[in-house]
Amino acid sequence: DAGITQSPRHKVTETGTPVTLRCHQTENHRYMYWYRQDPGHGLRLIHYSYGVKDTDKGEVSDGYSVSRSKTEDFLLTLESATSSQTSVYFCAISGTGALNTGELFFGEGSRLTVL
Amino acid sequence: GNSVTQMEGPVTLSEEAFLTINCTYTATGYPSLFWYVQYPGEGLQLLLKATKADDKGSNKGFEATYRKETTSFHLEKGSVQVSDSAVYFCALRSTGANSKLTFGKGITLSVRP
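This one's a predicted model, so the numbers in the text were calculated from it and none came from an experiment. (Residues numbered from 1 in each chain as written. Chains lettered and ligands numbered in written order. Predicted model: local features only at pLDDT ≥ 70, side-chain atom pairs only at ≥ 80, totals over all residues. Heavy atoms only, no water.)

**Concerning the overall build of chain A**
- Looking only at helices and strands, chain A features zero helices and 11 strands.
- Counting from the amino terminus, chain A carries its helices and strands in the arrangement β-β-β-β-β-β-β-β-β-β-β.
- Taking all 115 residues of chain A together, the buried fraction comes to 48%.
- Taking contacts inside chain A between residues at least 6 apart in sequence as the whole, the part at least 24 apart equals 55%.
- For chain A, the accessible surface area stands at approximately 5,500 Å², while carbon and sulfur atoms represent 46% of it.
- Between the averaged position of the 11 positive side-chain charges in chain A and that of its 13 negative side-chain charges there is a distance of 3 Å. (Helix = DSSP H or I, 4+ residues; strand = E, 2+ residues; numbered from the N terminus. Buried < 20%, exposed > 50% of the residue type's maximum accessible area, 1.4 Å probe, protein only. Contact = heavy atoms within 4.5 Å. Areas by Shrake-Rupley, 256 points an atom, 1.4 Å probe, with all protein chains shown as cover. Lys, Arg positive; Asp, Glu negative; His and termini not counted. Charge placed at Lys NZ, Arg CZ, Asp CG, Glu CD.)

See below:
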């Protein structure tokens, strides 16, 4: 299994509070991604990173920010959580060069509930 | 832009039944195609893939053939098991160094003993 750890795995919070989800990898892969999974929508890309301090927006980036200060960690922050951000969040990684098989490796997910 | 369309679900089958899950796509050029599976309480994992037209991906008894002429990548299995109960996602990745995966909405498969 790819070495990807998400934390926390479960969180319940209130509307308006800040939330940070962490993704940690031990594979030294260059690319890291944050997705959200919702019924009827499948997986939608929030933000991704193609290197330390290099990030870009995905298709549903409003209300989210990310940071990547070192290769192994990719943080997703909800500055002021809303009920529409209740979801399951998945981190994924992929390699480049010889490691680039086109495949994404996923973490086990973080379930966030915003009351 | 790129898009992936999966058949509507959920799908419920009896053990040993034949499975087909339809997937069609829209993309420019020659994308790579994937099927991912998500077992209950877990993240997604790659089931199989195909990188060019007429390629057949296979794994764990599942197969899918990359059909350029019909822009399809249907997933099949001859005899499903209870342990195949999961959510299945079709996905594509365009050519290009910085391309990303585009996923379909997923379909839930339940297999009865």
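**A few points about the sheet that holds strand β8 (residues 62-65) of chain B**
All names here are of chain B.
- The sheet built from four strands is open, its strands ordered β3-β9-β8-β7 with antiparallel pairing. The open sheet has two free edges, formed respectively by β3 (19-21) and β7 (56-59), since each of these has just one partner strand. When strand polarity is set aside, the average angle formed by the axes of neighbouring strands in this sheet is 15°. (Pairing = 2+ DSSP bridges. Axes fitted to C-alpha atoms, helices over the stretch in contact; angles between N-to-C directions.)

**Considering the state of the cysteines**
- For the coordinates displayed, the defined rule picks out two disulfides over all chains.
- Across the disulfide, Cys23 of chain A is cross-linked to Cys91 of chain A (sulfur-sulfur distance 1.9 Å). Measuring the twist about the S-S bond at about -70°, one finds the Cys23 of chain A-Cys91 of chain A disulfide to be left-handed. Highlighted residues: Cys23 of chain A in strand β3 (residues 19-25) and Cys91 of chain A in strand β9 (residues 87-94), separated in sequence by 68 residues. Of the two residues examined, Cys23 of chain A and Cys91 of chain A, each falls in the buried class.
- Across a sulfur-sulfur distance of 1.9 Å, Cys23 of chain B and Cys90 of chain B are joined as a disulfide pair. The disulfide joining Cys23 of chain B to Cys90 of chain B has a torsion of about -70° about its S-S bond and is therefore left-handed. (Disulfide = S-S within 2.5 Å.)

**Examining the interface of chain B and chain A**
- Taken together, the contact pairs 18 residues of chain B with 21 residues of chain A.
- Between chain B and chain A lies a buried interface of about 1,500 Å² when both sides are counted; carbon and sulfur atoms form 52% of it.
- Counting across the chain B and chain A interface gives zero salt bridges. (Buried area = accessible area lost by both parts, 1.4 Å probe. Salt bridge = Lys/Arg side-chain N within 4 Å of Asp/Glu carboxyl O.)

**Describing the packing of aromatic side chains**
- In the structure shown here, the tally under the stated rule is 15 aromatic pairs over all chains.
- Among the aromatic residues, those joined into a cluster by ring pairs are Tyr31, Tyr33, Tyr35, Tyr48, Tyr50, Phe90 and Phe106 of chain A together with Phe34, Tyr36, Phe89 and Phe103 of chain B.
- One cation-aromatic arrangement involves Lys68 of chain B over Tyr30 of chain B; the distance from NZ or CZ to the ring centre is 4.2 Å. (Phe/Tyr/Trp six-rings, centres within 6.5 Å; stacked < 30°, edge-to-face > 60°. Lys NZ or Arg CZ within 6 Å of the ring centre and 35° of its normal.)

**Digging into the pattern of salt bridges**
- Evaluation of the coordinates by the stated rule reveals eight salt bridges over all chains.
- A salt bridge links Glu63 of chain B to Lys56 of chain B, with the nearest nitrogen and oxygen atoms 3.6 Å apart.
- A cluster of three or more residues bridged by salt bridges with shared partners is formed by Arg22, Lys70 and Asp73 of chain A.

**Topic: the nonpolar core**
Residue and element names in this part refer to chain B.
- Of all hydrophobic cores here, the largest spans 27 residues; its most connected members are Trp35, Leu47, Leu48, Phe73, Leu75 and Tyr88.
- Ranked by residues supplied to this core, first place goes to strand β10 (residues 86-93) with four residues.
- Sequence-distant contacts of Leu48, that is, excluding residues within four places in its chain, are made with Leu33, Phe34, Trp35, Gly57, Ser58, Asn59, Phe62, Glu63, Ala64, Phe73 and Leu75. (Core = buried A, V, L, I, M, F, W, Y, C linked by side-chain atoms within 4.5 Å.)

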